Amino acid sequence: MKLRQMAVILVASSAGLVASAAYAEPNEMKANTGTFRSLDRNGDGYLTRNEVSHIGSYTRSFDIADENRDGKLTPDEFIKSESIRERELAGAYAADTALTAKVKAALARELELKSRDVHVETDKGRVLLSGWVDSNAQQKKAYQVASRVDGVKLVKDGMTVR
């Protein structure tokens, strides 16, 4: 229950941060302008897909923020793109947090493993199991249980038999 509450608090906090960015103070706007200028390699006052291609998480937000579909972002469109990107990153983090909780619950339920014995880390649906188990059979079962949890894309086994 605590993990679910933490995930809700995290999502609410992220939404608050994004909302506050929409009403940014002048100093925050200057920071966004500085970021815009640093990304605008050719100094033409626009950002192209090529100029932000090294930042993988920009692809989707760039397309949404490019309102006039000219393949370039103005400073105003860039601020919108940043907001969209930050919301998506916060949502992905919350989804990983929830998935970690689901895997831990499944391990506790099916193997009666204590959370201090096996640690679960999640990144974009990929789960890393680490820590200690009592036998090879328990290690194999933990891997199988984690693999069956809805939303898990990949499980890496970093567990050690005592």
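Because the structure is a prediction, the values reported are computed rather than measured.

Moving on to the packing of helix H4 (residues 75-111) against helix H5 (residues 136-148). Where H4 meets H5, the axes come as close as 9 Å, and the angle between the chain directions of the two elements is 135 degrees. It follows that H4 is oblique to H5 by the angle criterion. Where H4 crosses over H5, the two elements pack in a sense that is right-handed. Packed against H4, whose contacting residues are Val 103, Ala 106, Leu 107, Glu 110 and Leu 111, the element H5 presents Gln 138, Lys 141, Ala 142, Val 145, Ala 146 and Arg 148 at the interface. Class assignment of the residues belonging to the contact of H4 with H5 gives a composition of seven nonpolar, one polar and three charged.

With that settled, the discussion passes to the packing of helix H3 (residues 58-65) against H4. It is at 8 Å that the axes of H3 and H4 come closest, and there the two elements cross at 135 degrees. Classified by the angle their axes make, H3 and H4 are oblique. Helix-helix and strand crossings are classified by hand; for H3 and H4 the assignment is right-handed. Across the interface between the two elements, Tyr 58, Arg 60, Ser 61, Phe 62, Ile 64 and Ala 65 from H3 touch Glu 77, Phe 78, Lys 80, Ser 81, Glu 82, Ile 84, Arg 85 and Glu 88 from H4. The residue inventory of the contact of H3 with H4, partitioned by class, reads six nonpolar, two polar and six charged.

Attention shifts here to the confidence of the model for the protein. This prediction gives the protein a mean pLDDT of 81; 78% of its residues lie at or above 70. By mean pLDDT, helix H1 (residues 2-22) is the weakest element of the protein at 46, and strand S5 (residues 154-161) is the strongest at 95.

Right, let's talk about the pairing of strand S3 (residues 118-123) for a bit. Of the two faces of S3, only one is covered, namely that formed by Val 118, Val 120 and Thr 122; the face formed by His 119, Glu 121 and Asp 123 stays uncovered. In terms of strand pairing, S3 meets strand S4 (residues 126-133) through six bridges, oriented antiparallel. For Thr 122, the partnering residue across the bridge sits in S4 and is Val 127. Hairpin remark: S3 followed by S4, antiparallel, with two residues in the connecting loop; positive phi at Lys 124, about 55 degrees.

Now for the sheet that holds S4. A sheet is described by the order of its strands in space; here three strands give the open sequence S3-S4-S5, paired in mixed fashion. Unpaired on one side and paired on the other, S3 and S5 mark the two borders of the sheet. Going across the sheet, the axis of each strand differs from the next one's by a mean of 10 degrees, ignoring polarity. Strand direction decides the pairing type here: S4 and S5, joined by eight bridges, are parallel. When the bridges of S5 are listed, Ser 130 appears paired with Gly 158.

What follows concerns the packing of aromatic side chains. Tallying each qualifying case throughout the model produces two aromatic pairs. Relative to Phe 78, the ring of Phe 36 has its centre 5.5 Å away and its plane inclined at 65 degrees; by these criteria the two rings are edge-to-face. On the criterion of sequence distance, the pair formed by Phe 36 in helix H2 (residues 26-39) and Phe 78 in helix H4 is long-range, its members being 42 residues apart. Across the pair, Phe 78 and Phe 36 agree in class, each one buried.

With that settled, the discussion passes to the nonpolar core. Counting residues in hydrophobic clusters, the biggest one holds 17 residues, and the most contacted among them are Val 103, Leu 107, Val 127, Leu 129 and Val 152. Mapped onto this core, the elements with two or more residues apiece are H4, S3, S4, H5 and S5. At five residues, H4 tops the list of elements feeding residues into this core. Phe 36, Leu 39, Tyr 58 and Ala 65 belong to the second-largest nonpolar core, a separate cluster that totals nine residues.

Parameters and conventions
Along every chain, residues carry numbers that run from 1 in the direction the sequence is written. A pLDDT threshold of at least 70 governs which residues receive local features in this predicted model, and a stricter bar of 80 or more applies before side-chain atom pairs are shown or counted, although totals over entire chains, interfaces and linings include all residues. Side-chain numbers come from the whole structure's heavy atoms, not from hydrogens or water. Axes here mean lines fitted to C-alpha atoms, for a helix over just the part in contact, with angles spanning 0 to 180 degrees between N-to-C directions. By definition, any uninterrupted DSSP run of H or I lasting at least four residues is a helix, any uninterrupted run of E lasting at least two residues is a strand, and each is numbered from the N terminus. With respect to orientation, any angle under 35 degrees is reported as roughly parallel, any angle over 145 as roughly antiparallel, any angle of 65 to 115 as roughly perpendicular, and every other angle as oblique. Each crossing is labelled by how the near helix is turned from the far one, with a counterclockwise turn of less than a right angle marking it left-handed and a clockwise turn marking it right-handed. Only heavy atoms matter for contacts: two residues are in contact if any of them lie within 4.5 Å across the pair. Under the scheme applied here, ten amino acids are nonpolar (Ala, Val, Leu, Ile, Met, Phe, Trp, Tyr, Cys and Pro), four are charged (Asp, Glu, Lys and Arg), and all others, including Gly, are polar. Confidence of the predictor at the level of single residues is given by pLDDT, which spans 0 to 100. Each residue gets one of three labels from its accessible area relative to the maximum for its type: buried under 20%, exposed over 50%, partly exposed in between, using a 1.4 Å probe on protein chains only. Paired strands, as defined in this entry, are two strands with at least two bridges between them according to DSSP. Two rings from Phe, Tyr or Trp (for Trp, the six-membered ring) form a pair when their centres sit within 6.5 Å of each other. Planes less than 30 degrees apart are called stacked, planes more than 60 degrees apart edge-to-face, and all others tilted. Each nonpolar core is a collection of buried residues, namely Ala, Val, Leu, Ile, Met, Phe, Trp, Tyr and Cys, held together in the definition by side-chain atoms within 4.5 Å.

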